[in-house]
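This is what each chain is made of:
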Amino acid sequence: DPALPPRDATQPPRSAPPRDSSPPPRSSPPRPSSERAPGLGRWGWLVAIVVLLAVGWLTLRQFGEETAGPTGLAAGARLPPFAAPLALSELEGDVNVARRPDSGEAGARPACEVRGPDVLNVCALAEQGPVVLGFLATRGGDCSPEFDRLQTMSREFPGVQVAAVAIRGGRDDLRGLIADHGWSYPVGYDRDGVLAGLYGVAVCPQVTYAYPGGEVRGTTIGAETEAGMRGRFARLVAASRERGWEPGPG
């Protein structure tokens, strides 16, 4: 599976929001810087990203921060809140990952409160039903077949909230990919890659499955067959119904 591309050199990394001594909710983790070193090959870049995520994960745990490990969100975790510009919209800016007001570069408002027709808000998705959230890259390899399968599943399981986020890369490239493949589910754009750290994304594709409300059921890394993905969707729906959720009409 291809590694994620480096951060766009035209977008400077953001520093971590200031910490304070107040009790939870916990502050958002720092945004990673991931410039490509000269001569670093495809697999060397993958190893470098995994090491970076692992070190960041251990560091954040030391300070009591909540984040994902280098293999994605584990079952029982909560979907980290975020609000991202939709790729096809005209909205510009970095992804909001704030968990409380006035969180500096993480966001002036809590991410869950940032809603609108140009925004992909994971909190809003989780309020409506089960969530299947894919992460992709527009450079470093073609993982689009996985997202074509997500398009198929979005039609077969209309009660499931399917969405995707592109980590870094060019926005015009992403828009072209969406048009070429006819993806109708919302696709967000994370221009500086902050969600790679929050969701433990190192390769493309990666897909996180969550129950209504945002509790993670599991994460898959790498391509999956259509039958395998269909089974995961069906089990997610069945387990969500056992928890009291019922899909709405249509």
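Residues numbered from 1 in each chain as written. Predicted model: local features only at pLDDT ≥ 70, side-chain atom pairs only at ≥ 80, totals over all residues. Heavy atoms only, no water.

## Focus: the state of the cysteines
In this structure the tally under the stated criterion is two disulfides. There is a disulfide in this structure between Cys112 and Cys123, and the S-S distance comes to 1.9 Å. Looking down the S-S bond of the Cys112 and Cys123 bridge, the torsion is -60°, so its handedness is left-handed. Here the residue Cys112 occupies a position in the loop between strand 1 (83-85) and strand 2 (119-121), and Cys123 occupies one in helix 2 (residues 122-128), the gap between them amounting to eleven residues. Judged by relative accessible area, Cys123 falls into the buried class, the value being 12%. (Disulfide = S-S within 2.5 Å. Helix = DSSP H or I, 4+ residues; strand = E, 2+ residues; numbered from the N terminus. Buried < 20%, exposed > 50% of the residue type's maximum accessible area, 1.4 Å probe, protein only.)

## Things to note about the environment of Ile221
By the secondary structure assignment, Ile221 is in strand 7 (residues 216-221). The residues touching Ile221, leaving out its near neighbours within four places in the chain, are Thr71, Val203, Pro205 and Gln206. (Contact = heavy atoms within 4.5 Å.)

## Some words on the packing of aromatic side chains
Tallied over the full model, the rule gives six aromatic pairs. Look at Trp183 and Tyr185: their rings are 6.2 Å apart centre to centre, the planes differ by 15°, and that puts the pair in the stacked class. On the accessibility criterion, Tyr185 (5% relative accessible area) is buried. Consider the rings of Tyr209 and Phe233, whose centres lie 5.9 Å apart with planes at 85°: the pair is edge-to-face. Of this pair, Tyr209 sits in strand 6 (residues 206-210) while Phe233 sits in helix 6 (residues 226-242), and the two are 24 residues apart along the sequence. Taken as a pair, Tyr209 and Phe233 share a single burial class, namely buried. A network of ring pairs unites the aromatic residues Phe82, Phe135 and Tyr199 as a single cluster. Directly above the aromatic system of Tyr211 lies the positively charged group of Arg243, at a separation of 3.6 Å from the ring centroid. (Phe/Tyr/Trp six-rings, centres within 6.5 Å; stacked < 30°, edge-to-face > 60°. Lys NZ or Arg CZ within 6 Å of the ring centre and 35° of its normal.)

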